[in-house]
Amino acid sequence: MMLTGMHVAIIGGDARQLEVIRKLVELDAKLSLVGFDQLAHHFTRAVKLPIDEVDFADLDAIILPVHGTTLDGNVNSVFSQEPIPFTEEMVQKTMKRCTIYSGISNSYLDDLVRKTGRKHVQLFERDDVAIYNSIPTAEGTIMMVIQHTDFTIHGSHVAVLGLGRVGMTVARTFAALGAKVKVGARRSEHLARITEMGLVPFHLNDLEKEVRDIDICINTIPHLIVTASVIAKMPAHTLIIDLASKPGGTDFRYAEKRGVKAILAPGLPGVVAPKTAGQIIANVLAQLLYQDLQKREENK
Ligand code: NAP
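Residues numbered from 1 in each chain as written. Predicted model: local features only at pLDDT ≥ 70, side-chain atom pairs only at ≥ 80, totals over all residues. Heavy atoms only, no water.

Draft legend 1. Broad picture of the sheet that holds strand β8 (residues 119-122). If you walk across this open sheet you meet the six strands as β3-β2-β1-β4-β7-β8, and the pairing is parallel. The open sheet has two free edges, formed respectively by β3 (46-48) and β8, since each of these has just one partner strand. Looking at each pair of strands side by side, their axes are set apart by 20° on average, direction ignored. Of the pairings in the sheet, the one linking strand β4 (residues 61-63) to strand β7 (residues 99-102) comprises three bridges and is parallel in character. Of the residues in β7, the one forming a bridge with Ala61 is Thr99. Each of β1 (7-11), β4, β7 and β8 is contacted by helix α11 (residues 274-298), which is oriented at about 175° to β7, the strand it contacts most. (Pairing = 2+ DSSP bridges. Helix = DSSP H or I, 4+ residues; strand = E, 2+ residues; numbered from the N terminus. Axes fitted to C-alpha atoms, helices over the stretch in contact; angles between N-to-C directions. Contact = heavy atoms within 4.5 Å.)

Next comes the structure, spelled out in structure tokens:
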């Protein structure tokens, strides 16, 4: 599987993008790198250039950072001082088949994609990426818990909320460390799966009752679920780690008022394992770009 003949622009990002660059160079793609001027490393077949010198008409794909753009249409890069503008006008210059890749999207990027009619792939919506990413997320959660408790995970009572891709990995990982893990979900097939995993299931309707004896609460549900009345039932020493995307699912104001430590911990893969997190993105991107290339060859 090679990407010979493909021209890809990689615009901005953080350490994770270096793994993407490495992988695509290895697969012989031609790369235009924007926003990497402070990166000392030089790659063969990868040219660093400012955004206004990119030959958009020649591009097969544009790879944006995990967060895509800012709401005002710039791309951030940790390897450059200047914000990089990313506009509709630039994308209009590309061929119809040019695909835009990012981790997640926002209203600016959605709008740009709609107006230009280009294909946009949000990598973090993919099951494979979410499942791979749940591994560094669980490890980062362990790190947070160790940092913020004076007792071992082993033997502690942990409630995990949600049995999605993150919840399942987190529940399994804490159980493997010897914690007594219960998992809250609302679907009966999830409750069945939790039982199958050898963990204790409970329905989220019973959350208030179930948190009375816990030491640690790990939330993965991106809705307000750890409400004031739930927090009020927890022992005062309970540590809440909220993994759900911003603003999380915890009433942080009430937690603070009650003196229960609650921490929103977003983006753990990029924090604890940027290299692995980058490789996860790079491997999936390589496959998707290869499919794009095959389609291009078929349509010739
Ligand atoms: P997921 O697979 O979609 O799982 C979400 C879970 O939440 C599902 O079990 C779902 O149950 C449940 N849920 C959703 N809305 C609910 C509601 N209103 N009431 C009760 N349960 C509800 O998502 P994921 O991949 O596990 O990700 C979970 C969250 O973690 C996301 O916000 C994601 O952005 C974030 N995340 C954070 C990190 C980090 O480093 N902190 C890393 C990766 C992901 P149902 O099936 O019943 O709807």
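Moving on from the model shown.
Draft legend 2. Representation of unusual backbone geometry in the model. Cis geometry marks the peptide bond from Lys246 to Pro247; its omega dihedral reads 5°. Relative to the elements of secondary structure, Pro247 occurs in the loop between β13 (239-242) and α9 (252-258). Positive phi, normally seen in glycine, also occurs at Asp28, with a value near 75°. With respect to the element layout, Asp28 can be found in the loop between α1 (15-26) and β2 (30-34). Since its relative accessible area comes to 23%, Asp28 is described here as partly exposed. For Arg45, which is not glycine, the phi torsion reads 60° and is therefore positive. Relative to the elements of secondary structure, Arg45 occurs in the loop between β2 and β3. The exposure class of Arg45 is partly exposed, given its relative accessible area of 42%. (Buried < 20%, exposed > 50% of the residue type's maximum accessible area, 1.4 Å probe, protein only.)

Draft legend 3. Spotlight on the side chain of His7. Here His7 is to be found in strand β1. Here Ser32 takes part through its side chain, which lies 2.7 Å from a polar atom of the side chain of His7. For His7, the contacting residues outside a window of four places in its chain are Lys30, Ser32, Asp55, Asp58, Leu59, Asp60 and Ala61. (Polar contact = N/O pair within 3.5 Å; in protein donor to acceptor, adjacent residues only side chain to side chain.)

Read these as geometric descriptors, not functional statements.
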